[in-house]
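So you can see what is in the structure, the chains are spelled out below.
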Amino acid sequence: MNQYKNYFPIMRHNKNLAYLDNAATTQKPDMVIDAIADYYKQKNANPLRGLYELSQKATDAYENARKKIAAFINAPKEQEIIYTRNASESLNIIAYCLSDLLLKPDDEILISIMEHHSNMIPWQQAAKRHNAKLIYLYPDKNGCITTDELKSKLSAKTKILSLTHVSNVLGTMQNIKELIAIAHSNNTVVSVDGAQAIPHAKIDVDKLDCDFYSFSGHKMYAPMGIGILYGKQTYLEKMPPFLTGGEMIDYVDEQTATFAELPYKFEAGTQNVGGAVGLAAAIDFMQSISYDTIIKRETALSESAGNQLSRLPYVTIYGDKDYTKHHGVIAFNIEGVHPHDVASLMDAGDVAIRGGHHCAQPLMRYLKCNFCCRASMAFYNDEEDINKLVERVKYIRSYFHGAQ
Amino acid sequence: MALNNIYNDILMDHNMHPDHKHKLTAASDYKVAINPQCSEDEVLIKKGINPSCGDEIVLEINVENNIIKDAAFNGQGCAVSQASTDIMAELVIGKSVEEALALTDLFIKMVRGEETDEKKLEQLDEAVALKDVAHMPARVKCAVLAWHTLSEMLKERQNK
């Protein structure tokens, strides 16, 4: 077992498992699990409310995590970091509250056909509520939105652009900085879905100049149930609150209320402090490994998987032919075998991959495949995992169609 | 559990060579049967969908004097869903509506692991090949798609 797998108890307990479903969720290292356990053993109380020492400890843990997250993505201000449950919730908040702030009938929202349903359905709903139009950007053959494609769809009516940073199916990273600059020159507000980017690349929201950036903890070694919405203060202050209730208010009388300052305006109810602590520990963990190592290993693994699978005549791989640009994601189909059967037969060989539409049905139809298999790597995977995947693909194809 | 118990010869054969995967009726107007044995008002058609995985089938049957004279399907899905549909079509042709309903009920109980009496399961003929799906809960929905669809379409007919 390689030294990196050794950080993960699940890997120590499943030595034969090639876990290649990291785009769905990553495994959790001891460092994260221990930090959560320590929080509940030593600091747990309701944060922000309690007038006693233990509550202060919980509050400190919660706010120190926020500081760490702000520094991690280079957010200019800590108040611009909002805790959510996951990237889907972050994207829902933006779609709901920003559309209330900006949209008038006949205005336009731009998204791409590559969006995860989480960055598609909230905008469909927003467009319906405001009688606005939802307009799609389509990628080039490598899975990238070109500047020409964006320019051709922008108009005076385009109020919002919401775009994935890295596609959860194709693995391709958008040239997001350039696209943001073009949208801004059109006075279009930009939201970025970074759920699949942040595990694989250093994110600097200040440098990108995005107006919003969303991600989930569980795809970057933190627990499930904690996510982040970064938003520029100027928009967050103007946007109405999403959920209302406990701790997000300032002053309440019988008919009206004023709302708390940022970030609390968007954090109604008792929050997931254990999750925030786990996310902070995951940042420490990733920094202890370093993005250099993470990127180097994942690039090599994508390249190896892509190159080996592409040599098999019955395998189709989607996205860029340069597999070093796949950010750990190889989406493919075996001719004549349904992806759900592939996933079940992979499982019988201790290989965990995902088969299906990957919550991106319009993209699947655009790729004319409806379903596909997805092997997604993290830095703790190794060449042995890739070899198991490739051998299993050969076995499954021969099981269905005889030896090639 | 060996997965080959599920992906066995019977399932693989029905998946690769489905005898009943064709159209029973004209796509443009499914009341007009292209099969000369089908009379216009006796062709039933129903779509079955597994929303979580996207498998979908269109099931067509021709009922005459309460007997299922012919059954056919189209659609797309995994080997388990496609083979299960073909096996079901084979099984219910020649059966009465009531017999077909009893068989769908028995099959669904089998793949949920609720009915294991081998004597009773013999009635299911080749469909017994799908028995081990009961050990793979994630795939139960694939196996039962066609059977649920048939059961619903027959019950709708009875309630008319």
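Owing to the predicted nature of the structure, the values given are computational and were not obtained by experimental measurement.

Colleague: Give me the lowdown on the pattern of salt bridges, citing residues and values where you can.
Modeller: All names here are of chain A. Scanning the model with the defined rule gives 22 salt bridges over all chains in all. Here Lys153 makes a salt bridge to Glu149, at a shortest N to O gap of 2.8 Å. Linking Lys153 with Glu149, this pair stays in helix H6 (residues 147-153), spanning 4 residues, or about one helical turn. A salt bridge links Lys394 to Glu391; the nearest nitrogen and oxygen atoms lie 3.4 Å apart. Of this pair, Lys394 and Glu391 are both found in helix H14 (residues 383-401), 3 residues apart, which corresponds to roughly one turn of the helix. It is possible to trace a salt-bridge network through shared partners that takes in Lys5, Asp382 and Asp385.

Colleague: How would you summarise the sheet that holds strand E15 (residues 372-376) of chain A if you had to cite specific residues and measurements?
Modeller: Residues and elements named next belong to chain A. Pairing within the open sheet is antiparallel, and its 4 strands lie in the order E11-E12-E15-E14. On the outer flanks of this sheet lie strand E11 (315-317) and strand E14 (354-356), each paired with one strand and no other. On average, each strand axis in the sheet is tilted by 30° relative to the strand beside it, whichever way the strands run. The pairing of strand E12 (residues 329-334) with E15 spans 4 bridges and is antiparallel. From the neighbouring strand, Ala331 faces E15, where its bridge partner is Arg374.

Colleague: Could you give an account of H14(A), with specific residues and numbers?
Modeller: Residues and elements named next belong to chain A. Helix length check: H14, at 19 residues, gives a terminal C-alpha distance of 27 Å against a target of 27 Å (1.5 Å per residue), a fit within 8%. Residues Asp385, Ile386, Leu389, Val390, Arg392, Val393, Ile396, Arg397 and Phe400 constitute the buried set of H14. Taken around the axis of H14, the buried residues stretch over an arc of 160°, which confines them to a single face.

Colleague: Give me the lowdown on the packing of helix H12 (residues 339-347) of chain A against H14(A), citing residues and values where you can.
Modeller: All names here are of chain A. For the pair H12 and H14, the least separation of the axes is 10 Å and the interaxial angle reads 120°. It follows that H12 is oblique to H14 by the angle criterion. For the crossing formed where H12 meets H14, the hand is right-handed. Together, Asp341, Val342, Leu345 and Met346 of H12 and Leu389, Arg392, Val393, Ile396 and Phe400 of H14 make up the contact between the two elements. The residue makeup of the contact of H12 with H14, split by class, is 7 nonpolar, no polar and 2 charged.

Colleague: Let's hear about unusual backbone geometry: which residues, and what values?
Modeller: Residue and element names in this part refer to chain A. The omega torsion of the bond from Leu262 to Pro263 falls at 0°, within 30 degrees of zero and hence cis. Checked against the element boundaries, Pro263 lands in the loop between strand E10 (257-259) and helix H10 (273-289). Of note in this structure, Asp350 is not a glycine but carries a positive phi near 60°. The topology assignment puts Asp350 in the loop between H12 and strand E13 (351-352). Asp350 sits in the partly exposed class, given a relative accessible area of 36%. Residues other than glycine seldom take positive phi values, yet Lys368 does so here, at roughly 60°. Structurally, Lys368 can be placed in the loop between helix H13 (361-366) and E15.

Rules used throughout
- Residues numbered from 1 in each chain as written.
- Chains lettered and ligands numbered in written order.
- Predicted model: local features only at pLDDT ≥ 70, side-chain atom pairs only at ≥ 80, totals over all residues.
- Heavy atoms only, no water.
- Salt bridge = Lys/Arg side-chain N within 4 Å of Asp/Glu carboxyl O.
- Helix = DSSP H or I, 4+ residues; strand = E, 2+ residues; numbered from the N terminus.
- Pairing = 2+ DSSP bridges.
- Axes fitted to C-alpha atoms, helices over the stretch in contact; angles between N-to-C directions.
- Expected span 1.5 Å × (residues − 1).
- Buried < 20%, exposed > 50% of the residue type's maximum accessible area, 1.4 Å probe, protein only.
- Arc of directions from axis to C-beta.
- Parallel < 35°, antiparallel > 145°, perpendicular 65-115°, else oblique.
- Left-handed = near helix turned anticlockwise from the far one by under 90°.
- Contact = heavy atoms within 4.5 Å.
- Nonpolar A, V, L, I, M, F, W, Y, C, P; charged D, E, K, R; others polar.

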